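Chain and residue survey
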Amino acid sequence: MFSCLHRRIGQPCATRWNRSANDLPSKQKVQRFLDTIASNSHDDLDALVQALVSQGISAEDAECLIAFVPMAFAQVLLSPQGVKFQDAFLVRDFETKVSAKGLLSNEPLYVAADELAKEMAQGDDAGRRRLEAVASTSAEYSAAMQLAGDPRDLRGIVLTEAVLMRVPLTHLPPAPPKGLRRLWTAITSIPFGVR
């Protein structure tokens, strides 16, 4: 365990990290996620969430890391090969079927994962292999490979926005009434929700 919850007052923490993971910058959360999936099987997503939670990452951030990191890595890997990605995503509640739309550029964990993936793409062979390994776990990578007649030629593939069913709806702010959105757009000429 990486938290210092069990230490006695006045004793130094014997762990590598001695502050809550929720206080960490997004890039460090992404790195912690990558370290976790490198050392554990990530076939069971509930177990992966628990492994991240045991390191002090909130359950919501853990779900977001699972959703956004492979997605960002796939985009960095596949975009130069001609695959087109959407800027938005949907969060959908499996039970109620209620959905909410978000923008990837508004997601700090996605942005941090995108930056880290770009660094890895420009780095050494080990970094590039790790980028490919994480990207290959994404639904986007699987869809692109299934749509490609030839996996070496991915030009012309356009992916729809991702639908995330594990990220809680509460992760996104509630949508304003449609009339308010239209009024906002009419006044500012900026679509509501775009920063």
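Owing to the predicted nature of the structure, the values given are computational and were not obtained by experimental measurement.

This paragraph deals with the overall build of the protein chain. What the protein chain contains, in helices and strands, is seven helices and three strands. For the protein chain, with 195 residues in total, the buried portion stands at 36%. About 11800 Å² of surface is accessible on the protein chain, with carbon and sulfur atoms providing 54% of the total.

With that out of the way, let us pick up the nonpolar core. Formed by 47 residues in total, the largest nonpolar core has its most connected members in V30, F33, L34, V69 and F73. Elements with a contribution of two residues or more to this core: α1 (26-39), α2 (45-53), α3 (59-78), β1 (88-92), α4 (108-122), α5 (125-135) and β3 (162-164). With 14 residues, α3 is the largest single contributor of residues to this core. The contact partners of V30, leaving out residues within four places of it in the chain, are L65, V69, L109, A112, A113 and L116.

This part takes up the packing of aromatic side chains. Counting across every chain of the model gives two aromatic pairs. On the basis of an interplanar angle of 75° and a centroid distance of 5.1 Å, the ring pair of F68 and F89 is categorised as edge-to-face. Of this pair, F68 sits in helix α3 while F89 sits in strand β1, placing them 21 residues apart in sequence. We classify F68 as buried; its relative accessible area is 0%.

Before going further, it helps to spend a moment on the environment of A67. Within the secondary structure, A67 is located in helix α3. With 97 residues separating them in the primary sequence, A67 and L164 have C-alpha atoms 7.0 Å apart. In this view, A67 contacts L164 and V167; residues no more than four positions away in its chain are not counted.

For the rest of this paragraph, the subject is the sheet that holds β1. To summarise the sheet geometry, strands pair through backbone hydrogen bonds and adopt either a parallel or an antiparallel arrangement. Within the open sheet, the three strands sit side by side as β2-β1-β3. Their pairing is mixed. Strands with a single pairing partner mark the edges of an open sheet, and in this sheet they are β2 (99-103) and β3. Averaged over all pairs of adjacent strands, the angle between their axes in this sheet comes to 30°, without regard to strand direction. Note that β1 and β2 share five bridges and pair antiparallel. Residue pairing in the sheet places L90 in a bridge with K101 of β2.

The next thing to look at is the packing of α1 against α4. Between α1 and α4, the least distance of the axes is 8 Å, while the angle of their chain directions is 70°. Between α1 and α4, the interaxial angle falls into the category roughly perpendicular. Crossing of α1 against α4: the hand is right-handed. For the pair α1 and α4, contact is made by S26, K27, K29, V30, Q31 and L34 and by P108, L109, A112, A113, L116 and E119, respectively.

Quick look at the confidence of the model for the protein chain now. Residues with a pLDDT of 70 or more make up 81% of the protein chain, whose mean pLDDT is 82. By mean pLDDT, helix α7 (residues 178-188) is the weakest element of the protein chain at 71, and α4 is the strongest at 96.

Moving on: the pairing of β2. By the alternation rule, side chains of β2 split into A100 and G102, which are all buried, and S99, K101 and L103, of which none is buried. Taken together, β1 and the strand that follows it, β2, pair antiparallel across an intervening segment of six residues, in which K97 is found at a positive phi of about 65°.

The next subject is a nonpolar patch on the surface. Together, F94, V163 and M165 make up a nonpolar patch on the protein surface, roughly 300 Å² of accessible area in all. By the secondary structure assignment, F94 is in the loop between β1 and β2.

Right, let's talk about the pattern of salt bridges for a bit. Applying the stated criterion across every chain, the model contains eight salt bridges. Between K27 and E119 there is a salt bridge whose closest N-O contact spans 2.4 Å. Placement of the pair is K27 in helix α1 and E119 in helix α4, with a sequence separation of 92 residues. Its relative accessible area of 44% is what places E119 among the partly exposed residues. Taken together, the salt bridges that share partners define one network made up of D46, E63 and R166.

Each value, and the rule that gives it
- Residues numbered from 1 in each chain as written.
- Predicted model: local features only at pLDDT ≥ 70, side-chain atom pairs only at ≥ 80, totals over all residues.
- Heavy atoms only, no water.
- Helix = DSSP H or I, 4+ residues; strand = E, 2+ residues; numbered from the N terminus.
- Buried < 20%, exposed > 50% of the residue type's maximum accessible area, 1.4 Å probe, protein only.
- Areas by Shrake-Rupley, 256 points an atom, 1.4 Å probe, with all protein chains shown as cover.
- Core = buried A, V, L, I, M, F, W, Y, C linked by side-chain atoms within 4.5 Å.
- Contact = heavy atoms within 4.5 Å.
- Phe/Tyr/Trp six-rings, centres within 6.5 Å; stacked < 30°, edge-to-face > 60°.
- Pairing = 2+ DSSP bridges.
- Axes fitted to C-alpha atoms, helices over the stretch in contact; angles between N-to-C directions.
- Parallel < 35°, antiparallel > 145°, perpendicular 65-115°, else oblique.
- Left-handed = near helix turned anticlockwise from the far one by under 90°.
- pLDDT = per-residue confidence, 0-100.
- Patch = residues over 30% accessible without salt bridge, like charges linked within 9 Å, V, L, I, M, F, W, Y side chains within 5 Å.
- Salt bridge = Lys/Arg side-chain N within 4 Å of Asp/Glu carboxyl O.

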